[in-house]
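One-letter residues, chain by chain:
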Amino acid sequence: PCLHFLTEIFTIKMEDVTGAQLIAEALKAQNVEYMFGIVGVPIIEVAMAAQASGIKYVGMRNEQAACYAASAVGYLTGRPGVCLVVSGPGLIHALGGMANANMNCWYEICLPFVVLFDSQVEACRLYSKFSARPSSLDMIPSVVEKAVRTSMYGRPGAVYVDISGDMVNAKVNRSRVREVPCCPPPPVSLADNMSITEALAVLKGAKRPLLIIGKGAAHGRAEGPLRELVEGCGLPFLPTPMGKGLLPDNHPNCVAAARSRSALLQADVVVLLGARLNWILHFGLPPRFDPHVKVIQVDLCAEEMGNNVRPAAALLGDISAVVKQLLDHVRKDGWKYPADTEWWTTLKQKMDALALQVTSPMTYYQVFHHIGQLLPRDCILVSEGANTMDIGRTMLPNCLPRHRLDAGTFGTMGVGLGFAIAAAAVQRGQNTGQRVVCVEGDSAFGFSGMEVETMCRYKLPVVIIVVNNNGIYSGVDAETWEMMGKMGELTTVAPPVTLLPDARYDEVMNAFGGRGFLVRTKEELLSALQISLSDWERPSLLNVLIDPSSDRKQQVTTTWNDPLLPSQVVLKPLLWDPQMFQFCYP
């Protein structure tokens, strides 16, 4: 019996395995759970091997959406997702998703993922942290481990593993393949103690302090220490779009409602916590910021320090660990920002004034007001579009960390449905009972609308709300569209921002077996949303028709007495004039 047992072990160790099996097993060994892609020759076997290894495979309708989905998994779970596509056009389509993940630094602030292709290593170096091809079958586990580790360590991002087509079905004896264990979590780094002292000196000297919480803090799972810092020190905070939910939007110290007119404009000390001074934060420059603002920057990437504004103090390290360092020092002297300052009074007055405008007659605001009343507190909210995303960011609440996904640092349109599919797959796998609600502009929906078939195929109960204003930023009504058609060829007459009026996006969902609703009124919106949120068997799409001329409220900013600029800059919406048959400023 003993000899027979040893013979069986020897046989198992000496069996031949294919490249596809080695890829799947290497990914599984790195705790990869999800793979998204579009299969073709020769990668069908890779997807099948992944399923046999216990990895969930989701077949998408477009490689770009598959890449977006894979990156979202990394952000939501803390482990990379995989995008599997063929070479040539498949690779080209996926580059947009890779670039989006790298620009967002997703996994950190980011959504890290591993991408497996047939060829073209060099083409991917610009859009990834790591790009390599295993030289032989027995090297696959080592290369996959390094790819996953590189995507997660330091400043995370996209990585690329190129698998030669002839490797997929080639075989190697298992005894020649070295088993590579799962890479450990990223090491945690602390800020220099002298820098902590300098930062606290700047913060304690502030008259109008402001914490800005970015999605880097969400990646770092820093919600616990951040809550202690905000509440223990009595500091106002402002979340970036994907920093929302680390502390609830309804937290008494959240000043998002006073973001532009007071918080950013008048703060004299800003603490950046995993946020970057890019276009989302107006680069930290006037007219949106005080020209003399002092910045305390907390980031895990040294190269990010000093971008656009030189920091008064730079704290390099893991966000959660650095905040704990700050807390340790603050607890020793018991410092707390006073609650009765003129700064707090100003912020609260601005928030109260803006809160009264919730029932604004502007149609965008009406729609979001009613949606916000019904959204579950723990739902994962996906948002993309122009006005749809901008207005929704201020009106749709987030109460939990990593429960908002949007266009991000790259401002990428088309991410919504891929993100929603990834979020729904993760929620199903974790059995959290949380709904995924995807709020899209009609233009944004068009980038990846066919992914509703993916949702229906896998019975992912995503609720999609398309806010349909017949255009990009703004459109025209059906009557005006018909009149323009009579004026001449639409390619020369129709404004470039217009889309087909009253398009029936709801029928697209119906065509694949989901629920589609055409919504024109408040009552129809509330009814359709309640029905959709109660249905766990299939996805739903609410096609909400709004006034084509709806736009954001005008924004007014100070120019800090710049002699070359007027005292105020008024950002006005661009509206269609039916009498002049052209877009113009009101």
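Residues numbered from 1 in each chain as written. Predicted model: local features only at pLDDT ≥ 70, side-chain atom pairs only at ≥ 80, totals over all residues. Heavy atoms only, no water.

An unreviewed UniProt entry lists the chain under the name 2-hydroxyacyl-CoA lyase 1, from Esox lucius. The Subcellular location (unreviewed entry) comment attached to the chain in UniProt states, word for word, "Peroxisome". Here is the UniProt Subunit (unreviewed entry) comment for the chain, exactly as written: "Homotetramer." (UniProt positions renumbered as here; feature names shortened; annotations may be inferred.)

**What about the sheet that holds strand S12 (residues 294-299)?**
Backbone-to-backbone hydrogen bonds pair the strands of a sheet. The strands run either parallel or antiparallel. Within the open sheet, the five strands sit side by side as S10-S9-S11-S12-S13. Their pairing is parallel. Taken across any chain shown, the strands that pair with only one partner, and hence form the sheet edges, are strand S10 (237-239) and strand S13 (313-316). The mean angle between the axes of side-by-side strands here comes to 15°, regardless of whether they run parallel or antiparallel. Across five bridges, strand S9 (residues 209-213) lies against strand S11 (residues 269-273) in parallel orientation. Looking at the pairing, isoleucine 212 lines up with leucine 272 of S11. (Pairing = 2+ DSSP bridges. Helix = DSSP H or I, 4+ residues; strand = E, 2+ residues; numbered from the N terminus. Axes fitted to C-alpha atoms, helices over the stretch in contact; angles between N-to-C directions.)

**So, the environment of cysteine 124**
Within the fold, cysteine 124 resides in helix H6 (residues 121-124). On the basis of relative accessible area, cysteine 124 is assigned to the buried category, the value being 0%. (Buried < 20%, exposed > 50% of the residue type's maximum accessible area, 1.4 Å probe, protein only.)

**Overview of a negative patch on the surface**
Taken together, the side chains of Asp477, Glu479, Asp502 and Asp547 define an acidic patch exposed on the protein surface. Note that glutamate 479 resides in helix H19 (residues 478-487). (Patch = residues over 30% accessible without salt bridge, like charges linked within 9 Å, V, L, I, M, F, W, Y side chains within 5 Å. Areas by Shrake-Rupley, 256 points an atom, 1.4 Å probe, with all protein chains shown as cover. Salt bridge = Lys/Arg side-chain N within 4 Å of Asp/Glu carboxyl O. Lys, Arg positive; Asp, Glu negative; His and termini not counted. Charge placed at Lys NZ, Arg CZ, Asp CG, Glu CD.)

**Some remarks on the packing of aromatic side chains**
According to the stated counting rule, one finds three aromatic pairs in the structure shown. Aromatic side chains phenylalanine 445 and tyrosine 505 sit 5.5 Å apart centroid to centroid with 70° between the ring planes, which places their arrangement in the edge-to-face category. One end of the pair, phenylalanine 445, is in helix H17 (residues 442-448); the other, tyrosine 505, is in helix H21 (residues 505-511), and 60 residues separate them in sequence. Over the ring of tryptophan 344 we find lysine 348; its NZ or CZ atom is 5.3 Å from the centre of that ring. Positioned above the aromatic ring of tryptophan 536 is the side chain of arginine 435, whose terminal nitrogen or guanidinium carbon lies 4.2 Å from the ring centre. (Phe/Tyr/Trp six-rings, centres within 6.5 Å; stacked < 30°, edge-to-face > 60°. Lys NZ or Arg CZ within 6 Å of the ring centre and 35° of its normal.)

**Here's the deal with the sheet that holds strand S18 (residues 515-519)**
Strand order in the open sheet formed by six strands is S15-S14-S16-S17-S19-S18, with parallel pairing between adjacent strands. Two strands in the sheet have a free side with no partner beyond their single neighbour: strand S15 (404-405) and S18.

**Notes on the nonpolar core**
Within the largest apolar cluster, 108 residues are counted, with the highest numbers of intra-cluster contacts made by Phe36, Ile296, Leu315, Val462 and Ile464. Per-element tally for this core: the top contributor is helix H4 (residues 63-77), with ten residues. When residues no more than four places from it in sequence are discounted, the contact partners of isoleucine 464 are Leu417, Cys438, Glu440, Phe445, Val452, Met455, Met509, Ser540, Leu541 and Leu542. Residues Ala26, Tyr57, Val148 and Met167 belong to the second largest nonpolar core, which totals 36 residues. (Core = buried A, V, L, I, M, F, W, Y, C linked by side-chain atoms within 4.5 Å. Contact = heavy atoms within 4.5 Å.)

**Thoughts on unusual backbone geometry**
For the bond from valine 41 to proline 42, the omega torsion is 10°, close enough to zero to count as cis. With respect to the helices, strands and loops of the structure, proline 42 is situated in the loop between strand S2 (34-37) and helix H3 (44-52). Cis geometry marks the peptide bond from proline 286 to proline 287; its omega dihedral reads 10°. Inspection of the secondary structure puts proline 287 in the loop between S11 and S12. Non-glycine residue asparagine 308 carries a positive phi angle of around 75°. Following the sequence through the fold, asparagine 308 ends up in the loop between S12 and S13. Within the chain, asparagine 470 stands out as a residue other than glycine whose phi angle is a positive 70°.

**A word on the packing of helix H2 (residues 19-29) against helix H7 (residues 140-152)**
The interhelical angle for the contact between H2 and H7, taken along N-to-C directions, is 35°, at an axis separation of 9 Å. Along this stretch, H2 crosses H7, giving a crossing that reads as right-handed. When H2 is examined against H7, the residues Gly19, Leu22, Ile23, Ala26 and Leu27 are found in contact with a partner set consisting of Ile140, Pro141 and Val144. In terms of residue class, the contact of H2 with H7 is built from seven nonpolar, one polar and no charged. (Left-handed = near helix turned anticlockwise from the far one by under 90°. Nonpolar A, V, L, I, M, F, W, Y, C, P; charged D, E, K, R; others polar.)

**Comments concerning the confidence of the model for the chain**
Averaged over all residues, the pLDDT of the chain equals 88, while 87% of them reach at least 70. Counted against residues more than four places away or in other chains, residues 107-114, with its pLDDT under 50, gives 63 contacts. Across residues 558-574, where pLDDT falls below 50, the model places 41 contacts with residues more than four positions away in sequence or in other chains. (pLDDT = per-residue confidence, 0-100.)

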